Amino acid sequence: MDYKIYDRLQAELGCIGDEFSRNCSAILEKSAADEQSKQLVEEICAANTSALNVLAKSISEALIAAAN
């Protein structure tokens with residue numbers, strides 16, 4: 001196994017949810033939508049960020065298991 005690739009992938013997996021959340025926040029800041037709409041979008045973004053983090057953790061655990 002190429003551990004440089006493995007380590008890089010692990011680091012990138014850890015950033016997926018954070019990057020998605022930052023992108024959502026930046027888009028919402030530029031939005032002219034009303035506050036209620038922004039709140040709903042924020043809730044959707046938070047749920048998606050959570051799902052991405054769960055997915056990244058599952059992939060990470062699979063990589064660890066495959067490396068052993």
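The preceding data block contains the structure.
Remember, it's a predicted structure, so these values are computed and weren't measured experimentally.

**Remarks on the overall build of the chain**
Thinking step 1. Secondary structure summary: the chain contains two helices and zero strands in total.
Thinking step 2. Reported as C-alpha extents along the three principal axes, the dimensions of the chain are approximately 50 × 15 × 5 Å.
Thinking step 3. When the accessible surface of the chain is summed, it comes to about 5100 Å², and 59% of that surface belongs to carbon and sulfur atoms.
Thinking step 4. Here the chain holds 6 positive side-chain charges and 11 negative ones, and the gap between their average locations is 7 Å.

**Let's talk about the environment of Y3**
Thinking step 1. You can see Y3 is positioned in helix α1 (residues 3-30).
Thinking step 2. Judged by relative accessible area, which is 47%, Y3 ranks as partly exposed.
Thinking step 3. On a C-alpha basis, the gap between Y3 and A67 in space is 9.2 Å, while along the polypeptide they are 64 residues apart.

**Some words on the pattern of salt bridges**
Thinking step 1. Going through the model one piece at a time under the given rule, you end up with three salt bridges.
Thinking step 2. Put simply, K57 and E61 hold a salt bridge, and the shortest N to O gap is 3.7 Å. Taken as a pair, K57 and E61 lie in helix α2 (residues 35-67) at a separation of four residues, close to a single helical turn.
Thinking step 3. We classify K57 as exposed; its relative accessible area is 54%.

**A few points about the packing of α1 against α2**
How two helices sit against one another is set out by the angle between their axes and by the gap between those axes.
Thinking step 1. The interhelical angle for the contact between α1 and α2, taken along N-to-C directions, is 175°, at an axis separation of 9 Å. Put simply, α1 runs roughly antiparallel to α2.
Thinking step 2. Residues that form the contact of α1 with α2 fall into these classes: 16 nonpolar, seven polar and two charged.

**What about α1?**
Side chains that are three or four residues apart share a direction in an α-helix, a result of its 3.6 residues per turn.
Thinking step 1. Over its 28 residues, α1 runs 40 Å from end to end, which matches the ideal 40 Å to within 8%, given 1.5 Å per residue.
Thinking step 2. Along α1, the helix axis deviates most sharply at C15, where the bend reaches about 35°.
Thinking step 3. The set of residues buried in α1 consists of Y6, Q10, L13, G17, C24 and L28.
Thinking step 4. Looking at the packing, one finds that the buried side of α1 touches α2.

Conventions adopted
- Residues numbered from 1 in each chain as written.
- Predicted model: local features only at pLDDT ≥ 70, side-chain atom pairs only at ≥ 80, totals over all residues.
- Heavy atoms only, no water.
- Helix = DSSP H or I, 4+ residues; strand = E, 2+ residues; numbered from the N terminus.
- Areas by Shrake-Rupley, 256 points an atom, 1.4 Å probe, with all protein chains shown as cover.
- Lys, Arg positive; Asp, Glu negative; His and termini not counted.
- Charge placed at Lys NZ, Arg CZ, Asp CG, Glu CD.
- Buried < 20%, exposed > 50% of the residue type's maximum accessible area, 1.4 Å probe, protein only.
- Salt bridge = Lys/Arg side-chain N within 4 Å of Asp/Glu carboxyl O.
- Axes fitted to C-alpha atoms, helices over the stretch in contact; angles between N-to-C directions.
- Parallel < 35°, antiparallel > 145°, perpendicular 65-115°, else oblique.
- Nonpolar A, V, L, I, M, F, W, Y, C, P; charged D, E, K, R; others polar.
- Expected span 1.5 Å × (residues − 1).
- Bend = angle between axes of the 7 residues up to and from the residue.
- Contact = heavy atoms within 4.5 Å.

By themselves, these observations are geometric and do not establish any function.
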